[in-house]
Each structure stands twice: as structure tokens, then as C-alpha cells.
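Tertiary structure, described
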Amino acid sequence: MEQPKTLYKELRLSKVANNSDDQEKSESKEDPLEDERRGFVREVGNQAVWSLSSCKPGFGVERLRDNIMDTYWQSDGQLPHLVNVQFHRKTSISQIYIYTDYKLDESYTPSRISIRAGSHFNDLQELQIVDLTEPSGWVAIPIKDGSVKSIRTFMLQIAVISNHQNGRDTHMRQIRIHAPVEGRHYPLELFGKFSTVNFQKFATIR
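Residues numbered from 1 in each chain as written. Predicted model: local features only at pLDDT ≥ 70, side-chain atom pairs only at ≥ 80, totals over all residues. Heavy atoms only, no water.

For the chain, the name recorded in an unreviewed UniProt entry is Anaphase-promoting complex subunit 10, with Glossina brevipalpis as its organism. Under the UniProt heading Function (unreviewed entry), the entry covering the chain gives this text: "Component of the anaphase promoting complex/cyclosome (APC/C), a cell cycle-regulated E3 ubiquitin-protein ligase complex that controls progression through mitosis and the G1 phase of the cell cycle." (UniProt positions renumbered as here; feature names shortened; annotations may be inferred.)

Laid out in C-alpha cells, this is it:
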């Protein structure tokens, strides 16, 4: 009768060990697009004006928003490297997703990031500092104000304070910004995939 308990205990210990190994690297299996498709959040980065502290020619701010993981923004200057996101009106923000790839970028990969918010450049306040360890994939950064799981702000600033291996310039491949969806939501997945030819006729409004 004791054998099942012993086996269960061994499985739990194994799971804890695996979890501790996973935590050594900032690797996220989350996909921000999944929450967007389900209607839990909405992406609001397209409602803002984006600017950078510096960039290499051809590797500018548009690379952060092209939905292509093979492209990237590359800074060209002294640390810290800044991504500024200015909204036209006060906007609720619940999460920031950043896509990086240490395997490809190595010393260009951010190791410490500061998240700041405010009304404009002159009153930005630091919300949190995030340490990354060889990140690969999407990294989710929750934006909180005390116990409240979102903030309302006119401006966000993502500051790269340091890179792996003391690298000078940085690479970021994608950034997505989420706002919470208030009220009821009706994810399309509940009603099927809508992949028929007849449905595709109504995919756009002419």
C-alpha cells in the first residue's frame, strides 16, 4: 500500500527539480496572440507613437512592430537604450510582451530592463526592474500598481539597462502591449475555426 505514495513523492520531487532548472533561464512558452484571440486582452501598441533613443540604419522602430521574429531593432549608442511608447489618450496597460532570442543575439540580448510610466518624458516613474537570464522567446512583464493588475498612463518607457556579456548595443525582436478587456468577451474559437470558403467572403468589408 505504501508503494503508490512513494512513487507520487518521487514524481513531485522530480517536478520541483525540473521547475528549478527551468527558472534558471528566462524562457517563456506563452504566446501573447493567444490571449488576444480569446478576447481576454487587446493589443494597444498601434494606438501609440513609438520612438527610440538610437538605432542602426535599417533596424529601426518598425522592426519591433512587423510581427516578424527574424527581424530586430538594434541600438546604436550608449546605455541605457530606450523604447518610448506615447499614447494619444490615457490608456490602461496590463502586460508588456518582449520577444528576444539569446541563442541568436548573444551579447546583444538585454539582461536587465526597467519599465517606466508617466504623462511625458519629464515625469516618468520606474515601475519595476526585470532581470533576464538568457531569454529565448516571449517574456511577459505584468504591469501593476500595487494590488491593481493594470495601470492607466499616457506613456511607457522600456529601458535596457544592461546586456548579456556586457554588450553595448541591444537587440529586441518584437514588443506587444496589452490592455485588459472590460465586460464580457466572446472568443471566436468557441464558435469554430471559420475556415470555409463562404465565411471567407465576409472576412473584409468592401
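A few points about the overall build of the chain
Per the secondary structure count, the chain includes four helices and eleven strands. Out of the 206 residues in the chain, the part that is buried amounts to 39%. Residue pairs in contact within the chain that sit at least 24 positions apart in sequence constitute 77% of those at least 6 positions apart. Entry remark: accessible area of the chain is about 13200 Å², with carbon and sulfur atoms responsible for 51%. (Helix = DSSP H or I, 4+ residues; strand = E, 2+ residues; numbered from the N terminus. Buried < 20%, exposed > 50% of the residue type's maximum accessible area, 1.4 Å probe, protein only. Contact = heavy atoms within 4.5 Å. Areas by Shrake-Rupley, 256 points an atom, 1.4 Å probe, with all protein chains shown as cover.)

Details of the sheet that holds strand S7 (residues 125-131)
Strand order in this open sheet of five strands is S2-S4-S9-S6-S7, and the pairing throughout is antiparallel. Across the chains shown, the open sheet's two edge strands, defined by having one partner strand only, are strand S2 (48-52) and S7. Mean inter-strand twist for the sheet, computed between neighbouring axes without regard to direction, equals 15°. (Pairing = 2+ DSSP bridges. Axes fitted to C-alpha atoms, helices over the stretch in contact; angles between N-to-C directions.)

Remarks on unusual backbone geometry
Residue Pro 80 is reached from Leu 79 by a cis peptide bond, and omega for that bond is 0°. When you line up the elements, Pro 80 lands in the loop between strand S3 (73-74) and strand S4 (81-93). Its identity is not glycine, yet Glu 106 carries a phi of approximately 45°, on the positive side. One can find Glu 106 in the loop between helix H3 (102-105) and strand S6 (110-118). Of note, Glu 134 is a non-glycine position whose phi angle comes to about 45°, a positive value. Checked against the element boundaries, Glu 134 lands in the loop between S7 and strand S8 (136-142). Its relative accessible area of 30% is what places Glu 134 among the partly exposed residues.

Here's the deal with the environment of Asp 35
Tracing the backbone shows Asp 35 in helix H2 (residues 32-38). Separated by 143 residues in the primary sequence, Asp 35 and His 178 place their C-alpha atoms 9.4 Å from one another. When neighbours within four sequence positions are excluded, Asp 35 is seen to be in contact with Phe 40, Val 41 and Tyr 97.

Some points on the packing of aromatic side chains
Taken as a whole and judged by the stated rule, the model has three aromatic pairs. Their ring planes at 20° and their centres at 5.2 Å tell us that Phe 59 and Tyr 72 sit as a pair that is stacked. You can see Phe 59 sitting in the loop between S2 and S3 and its partner Tyr 72 sitting in the loop between S2 and S3, a full 13 residues away along the chain. For Phe 59, a relative accessible area of 31% puts it in the partly exposed group. Given a relative accessible area of 18%, Tyr 72 falls into the buried group. When the ring of Tyr 99 is compared with that of Trp 138, the centres are 5.2 Å apart and the planes differ by 75°; the resulting orientation is edge-to-face. With Tyr 99 in strand S5 (residues 95-101) and Trp 138 in strand S8, this pair connects stretches of sequence that are 39 residues apart. Aromatic rings pair up to connect Tyr 97, Tyr 99 and Trp 138 into one cluster. (Phe/Tyr/Trp six-rings, centres within 6.5 Å; stacked < 30°, edge-to-face > 60°.)

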